[in-house]
Structure formats: structure tokens, C-alpha cells
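# Coordinate inspection notes
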Amino acid sequence: MATFVIVHGAFGGGWEWTPVAELLRQSRQTVFTPTLTGMGERSHLGPAVGMSTHVQDIVATIEFEDLSDVVLCGASYGGMAVTGAADRIPTRVAQIIYIDALVPLDGQSGADLLPAEFAEAVRNTGDAQGHGWVSIPPMILPPEGMIAESLHRGYVARRRPQPAASFTEPLALSGEADRLPRAFV
């Protein structure tokens, strides 16, 4: 048995991973799919939310659920948060799995790892403190016809703008996460 904490990507929420979580639970695995602050069903808590809050969201999930030997999975933007969390509580993490994810180095932000046009749009969105909402770029939505129309509608309807500071706040890392086993999907 394994314990998985799966972290969603940009503009999403833990709901994205419900089908995968259900399959893993059927195999008797323990699975958590937290939604990051200011996103998904927690979008009412933004926009003054940065990367440090998202890292703390994952650390708190692991600590408050008293989890250990966690397989920490980050999809896309979620790679930033899982790297930061693993760096802070490495003794609770068995492995990090990056699912088409951003893999930051110390001092990098999500905007540093994304295309320059997107990073510029994000920086222009923020106010003087870097707080504001980043609109959902159409390019990240699944093309029509790729999945059933009912699934497409539901998926698009649950997407929300994301706090700008979550993309621009640099991630401070000590190097602890680098010592953990990693896999890339």
C-alpha cells in the first residue's frame, strides 16, 4: 500500500484527479487530492496568494493527515508546490513524481519556467504587490472533440483564474528535495 498526494496544475483543483484517486483507492491505496489556496473551490481565497502558500497547503495536508512515506505527485504547475513541500518535509516523502510538470531550481518561479509571452502577461496582471488574477489561456484547455462534450463542458466550467503571485513568487529551496527519488511522466 502507498500513500499518494496528488497536486493539480494551473487554473484547476483537486477535482481534476478524482477519477485517478478512485482507481487508486480501489487498489487499496490512500490518496489525497488537495486544492491549492485561491484555486478551484478555494478561488474565493485569492488573489493575494503566492507560491509559499501553495507549498504550505501541501505541507499542511501531509502534516495534519499525519502522512509518511508519501508519493508526492505534481502535475504541470503542481510540480512547483510538490518540490517546495518535499524540500521542507523530506523525511515524510518517499518519492516525487512529476507529471508533465514544472521542476524548479532554487530561486525560480513558475513564470521563469513558462513561455516568455505567458510570463509577461502574468507580470502585467499583478498590481504593485504582484497580486491579481491570471486569466485562463485558451491553449491549456482540451481541444473540442478530444473528449466527450459533456466532460469537456464540465472541465472548462470548473477552471478558474489563478493568483498572479503564485506564478511570480520565487521558490526558495534548500536542496533537500534533490536527495529524494524522482520519477518523470
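Below you will find a few notes about this structure. (Residues numbered from 1 in each chain as written. Predicted model: local features only at pLDDT ≥ 70, side-chain atom pairs only at ≥ 80, totals over all residues. Heavy atoms only, no water.)

Orientation of helix α2 (residues 51-64) relative to helix α3 (residues 78-88), taken along the N-to-C sense of each, is 65°, at an axis distance of 8 Å. Helix-helix and strand crossings are classified by hand; for α2 and α3 the assignment is right-handed. Side by side, α2 and α3 meet where Met-51, His-54, Val-55, Ile-58 and Val-59 of the first sit next to Met-80, Ala-81, Gly-84, Ala-85 and Arg-88 of the second. (Axes fitted to C-alpha atoms, helices over the stretch in contact; angles between N-to-C directions. Helix = DSSP H or I, 4+ residues; strand = E, 2+ residues; numbered from the N terminus. Left-handed = near helix turned anticlockwise from the far one by under 90°. Contact = heavy atoms within 4.5 Å.)

Once that is clear, we can look at the sheet that holds strand β3 (residues 70-75). Strand order across the open sheet formed by 5 strands is β2-β1-β3-β4-β7, with parallel pairing between neighbours. A strand with exactly one partner marks an edge of an open sheet, and here the two such strands are β2 (30-32) and β7 (182-184). Here the strands of the sheet are splayed against their neighbours by 20° on average, with no regard to which way each runs. With 5 bridges connecting them, strand β1 (residues 3-7) and β3 associate as parallel partners. Looking at β3, one finds that Val-5 is bridged to Leu-72. Along the sheet, helix α1 (residues 18-26) makes contact with β1 and β2, crossing β2 at roughly 165°. Strands β1, β3 and β4 (93-99) of the sheet are contacted by α3, whose axis makes an angle of about 150° with β3. (Pairing = 2+ DSSP bridges.)

Another point: α3. Among the 11 residues in α3, 10 count as buried, and that is most of the element. Those residues of α3 not exposed but buried are Gly-78, Gly-79, Met-80, Ala-81, Val-82, Thr-83, Gly-84, Ala-85, Ala-86 and Asp-87. Its buried side turned inward, α3 meets β1, α2, β3, β4 and α4 (110-113). (Buried < 20%, exposed > 50% of the residue type's maximum accessible area, 1.4 Å probe, protein only.)

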